[in-house]
Amino acid sequence: MPEASVLPKLLLPNMTASAWLFPMLKGIWNHDEGKPASGSAVRRWVAEGKVKVNGENVSPQELIDFPVYSVVLNPKSEKRRVTLF
């Protein structure tokens, strides 16, 4: 769950996918690197299609369509799929 100070930033329109996702995904364990996720890891996940927002792949510089109903990490993997909301 994001910290309370991060929540207002998550609800702002006109944000890119990587900027909007970074506060939520910061600190989630990165299995590939064996450490918490960094900003570049989050951008790479978005670019590689490892993150779906509202059931659609997004590019790192694409603007997010609000409201957001779901965010799924690793949607193609049965073992590592994580549904944030």
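Please refer to the structure placed before this passage.
Description of the structure in this document. (Residues numbered from 1 in each chain as written. Predicted model: local features only at pLDDT ≥ 70, side-chain atom pairs only at ≥ 80, totals over all residues. Heavy atoms only, no water.)

### With respect to the sheet that holds strand E4 (residues 56-57)
With antiparallel pairing, the four strands of this open sheet are ordered in space as E4-E3-E5-E6. On the outer flanks of this sheet lie E4 and strand E6 (82-83), each paired with one strand and no other. Of the pairings in the sheet, the one linking strand E5 (residues 71-73) to E6 comprises two bridges and is antiparallel in character. Bridge assignment links Leu73 to a residue of E6, and that residue is Val82. Sheet contacts for helix H2 (residues 17-25): strand E3 (51-53) and E5; angle to E5, the most-contacted strand, approximately 70°. (Pairing = 2+ DSSP bridges. Helix = DSSP H or I, 4+ residues; strand = E, 2+ residues; numbered from the N terminus. Contact = heavy atoms within 4.5 Å. Axes fitted to C-alpha atoms, helices over the stretch in contact; angles between N-to-C directions.)

### Notes on unusual backbone geometry
Following Phe66, the chain continues to Pro67 via a peptide bond in cis, the omega torsion being 0°. Although it is not a glycine, Asn54 adopts a positive phi angle of roughly 55°. Take Asn54: it is sitting in the loop between E3 and E4. One non-glycine residue with positive phi stands out, namely Asn74, at about 50°. Within the secondary structure layout, Asn74 lies in the loop between E5 and E6.

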